[in-house]
Amino acid sequence: MMDNASMAQAPADVEYEVVIGLEVHAQLLTKSKMFCRCSASYIAAGPNENTCPVCLGMPGVLPVMNEEAIRDTVLTGIALECTIPEVSKFDRKNYFYADLPKGYQISQFDQPLTIDGTLRFMVDGREVSCGIERVHLEEDAGTLHHLGTGIHSSHASLVDFNRAGVPLMEIVGRPDLRTPKEAREYVSTLRKILMFIGVNDGNLEEGSMRCDANISLRPKGSTELGAKVEIKNMNSFRSIERALEHEIQRQTALLRRGETIPQETRGWIDPENRTVSQRSKEQAHDYRYFPDPDLPALSISRELVEELRKRLPELPAAMQSRFVTSYGISDYEAGVLTQERDEAATFEEIVKRGVDPVLAARWCIGDLAKLAKETKTAIADSGLGIEGAAELLKLLHDGTINGATAKALAEELYEAGGSPAALVAERGLGKVSDRSAVETMCQEAIAGNQKAVDDFRGGKEAALQSLVGAVMKASRGRADASLVREVLTKLLSS
Ligand SMILES: [Zn+2]
């Protein structure tokens, strides 16, 4: 027999641990760019319309800091439990690319605005806590449009500098994540927080929020990090999870064959479900960072930090648990309601008007959410509005109308507008709960559906449902269904 020490483990038998760290870039929602007065909303503008000598990198111009962008970044740091150092500065990150007119990007190297935070979130009922190394501020680059089908087959590329100089925050997470699902939840939680505090619009598809992942594998039990591969081009939650799953399989297969993993940057090609090598990974020293001589060091006063701390709104995780305890709704419902701050506020406004919270939650994430999606109009901005939705749900809750009528009214009023109560009175849509009226309708249904009556009397319980259906149809959905069932059962058994 051999002891463990003399038995070298074959690569094929090694179990690997996955180490993932994420870098998220988020464009700030400031009106102007980071170092000039050009508009930062660049999508609607024609090519190169939002540019000036500063963001085009002309010689002899000087950058001026956007104070709002600095406040937004510090606010983000506070929301992520970061430390805010008293001094910060901007550095030049030197590299050449056609979308970078100055030949360097103004970024932050060794003195970022915020450091050492934490992001906490739940995965499968377990709390995951991921370190935040830093949140720093930089400027975005321009965009390239390659004529033809792609960069390699293109005969020319056009450059648009509208995005050049837009304030961009980089949130660097520590390599504390262990599964693609944790990575997905990390981005989802971070996105919610940025949207809640109003610094970013959370649009992964359009790239105002972008995520890159560093992933490496190491033998289980090892504390050293393996060769780091950076994955880019993941522009949805689904692609983040799938790209990482794919990369784990690819790296595991290479390691099991005894090969080494080269340190490199790979791009995720979503339709092909694979990553491809883009370039070997650069090191920080390749960029020759140095302090930007045109920008003075920043002193972040403690008064500013305190002012921003006070301005920090309730964060989504806290709001979610408050919804569960104050309103008695499920954690799932509270999670859906707190996806966006405006929708959470709409729910609370409806409840404030005296609607049962459980009913309000069900409608806010159900029928009303569906209408909002179909019409691309938020509940608060719809014809129904918060007042109308509250009125409608109160009519439903006190039994004046039934569920089918409430649904039809919501659909009608969502775009047209109007008062649900007035419409119910005007059209006589109130639920028929009057016993003698229901009895008359039930007798008519029994007289007109002999086969169902015989089936029921012959022991076929299900036949009762077709009689209930007949009454509901005759009453245009207004009859109180449980009363109908009770009356029919009584009439048929006598
Ligand atoms: Zn400009």
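Residues numbered from 1 in each chain as written. Predicted model: local features only at pLDDT ≥ 70, side-chain atom pairs only at ≥ 80, totals over all residues.

### Side note on the overall build of the chain
Step number 1: Regarding its fold elements, the chain presents 16 helices and 15 strands.
Step number 2: A globule of 494 residues ought to have a C-alpha radius of gyration of about 23 Å, yet the chain, at 30 Å, is considerably larger.
Step number 3: With respect to the principal axes defined by its C-alpha atoms, the chain has extents near 90 × 75 × 50 Å.
Step number 4: Looking at the chain as a whole, 37% of its 494 residues qualify as buried.
Step number 5: Sequence-distant contacts, at least 24 apart, represent 70% of the contacts inside the chain between residues at least 6 apart. (Helix = DSSP H or I, 4+ residues; strand = E, 2+ residues; numbered from the N terminus. Rg over C-alpha atoms; globule rule 2.2 N^0.38 Å. Buried ≥ 20, exposed ≤ 12 C-beta atoms within 10 Å, placed from the backbone. Contact = placed C-beta atoms within 7 Å.)

### A few points about the domain arrangement of the chain
Step number 1: Here the domain parsing of the chain yields domain 1 (11-302), domain 2 (315-420) and domain 3 (435-493).
Step number 2: Its C-alpha centre places domain 2 at a distance of 33 Å from the equivalent point of domain 3. (Domains from an automatic or database assignment.)

### Brief notes about the sheet that holds strand E3 (residues 91-94)
Step number 1: The 3 strands are arranged E4-E3-E14 in an open sheet whose pairing can be described as antiparallel. Each having just a single partner strand, strand E4 (104-107) and strand E14 (290-291) make up the two edges of the open sheet. (Pairing = 2+ DSSP bridges.)

### A look at the pairing of strand E5 (residues 114-123)
Step number 1: Across 9 bridges, the pairing between E5 and strand E6 (residues 126-139) is antiparallel. Bridged to isoleucine 115 within E6 is arginine 134.
Step number 2: Turn length for the E5-E6 hairpin, with the two strands adjacent in sequence and antiparallel, is 2 residues, and the turn residue aspartate 124 shows positive phi of about 50°.

### Some points on helix H3 (residues 237-256)
Step number 1: When the terminal C-alpha atoms of H3 are compared, their 29 Å separation across 20 residues agrees well with the 28 Å that a helix rising 1.5 Å per residue should span.
Step number 2: Every buried residue of H3 is accounted for by Ser239, Ile240, Ala243, Leu244, His246, Glu247, Gln251 and Leu255. Take H3 and look down its axis: the buried residues cluster within an arc of 165°, on one side only. What points out from H3, more than 90 degrees from its buried face, is the exposed set Arg238, Gln249 and Ala253.
Step number 3: Contacts made by the buried residues of H3 are with strand E1 (16-27), helix H2 (180-196), strand E10 (209-219), strand E11 (229-234), strand E12 (264-269) and strand E13 (274-280).
Step number 4: Just downstream of H3, glycine 258 is the residue with a positive phi angle, here 85°. (Expected span 1.5 Å × (residues − 1). Arc of directions from axis to C-beta.)

### Examining the confidence of the model for the chain
Step number 1: When the pLDDT values of the chain are averaged, the result is 91; 97% of them are 70 or greater.
Step number 2: Here helix H12 (residues 420-427) stands out as the element of the chain with the lowest mean pLDDT, 84, in contrast to strand E9 (residues 167-173), whose mean of 98 is the highest.
Step number 3: Scored below 50 in pLDDT, residues 1-8 shows 1 contact in the model against residues more than four places distant or in partner chains. (pLDDT = per-residue confidence, 0-100.)

### Description of the sheet that holds E10
Step number 1: The mixed open sheet is built from 8 strands, whose spatial order is E5-E6-E9-E1-E10-E11-E12-E13. Edge positions in the sheet fall to E5 and E13, since each of these pairs with one other strand and no more. For this sheet the average axis-to-axis angle between neighbouring strands, irrespective of direction, equals 30°.
Step number 2: Sheet topology note: the E11/E12 ladder contains 4 bridges and is parallel. When the bridges of E12 are listed, lysine 232 appears paired with glycine 267.
Step number 3: Most of the contacts of H2 go to E5, to which it runs at about 115°, and overall it touches E1, E5, E6, E9 and E10. (Axes fitted to C-alpha atoms, helices over the stretch in contact; angles between N-to-C directions.)

### Some words on the nonpolar core
Step number 1: Core analysis: the largest hydrophobic core is formed by 67 residues, its most contacted members being Leu22, Ala183 and Tyr186.
Step number 2: Examining the composition of this core, we find that 8 residues originate from one element, H2, more than from any other.
Step number 3: Counting 34 residues, the second largest nonpolar core, distinct from the first, contains Phe323, Val336, Ala360 and Ile401. (Core = buried A, V, L, I, M, F, W, Y, C linked by C-beta atoms within 7 Å.)

### Describing unusual backbone geometry
Step number 1: Residues other than glycine seldom take positive phi values, yet aspartate 116 does so here, at roughly 55°.
Step number 2: One non-glycine residue with positive phi stands out, namely lysine 376, at about 55°.
Step number 3: Relative to the helices and strands, lysine 376 resides in the loop between helix H9 (367-375) and helix H10 (385-397).

### Examining the packing of helix H8 (residues 357-365) against H9
Step number 1: Between H8 and H9, the shortest axis-to-axis distance is 3 Å and the interhelical angle comes to 25°. Between H8 and H9, the angle falls in the class roughly parallel. Along the contact surface, H8 presents Trp363, Cys364 and Ile365, while H9 presents Asp367, Leu368 and Ala369. (Parallel < 35°, antiparallel > 145°, perpendicular 65-115°, else oblique.)

### Thoughts on the environment of glycine 131
Step number 1: As for its placement among the helices and strands, glycine 131 is situated in strand E6.
Step number 2: When the 15 C-beta atoms within 10 Å are taken as the criterion, glycine 131 is described as partly exposed.
Step number 3: Placed 127 residues apart in sequence, glycine 131 and glycine 258 show a C-alpha to C-alpha distance of 32 Å.
Step number 4: Discounting chain neighbours no more than four positions away, the residues touching glycine 131 are Thr118, Gly173, Arg174 and Asp176.

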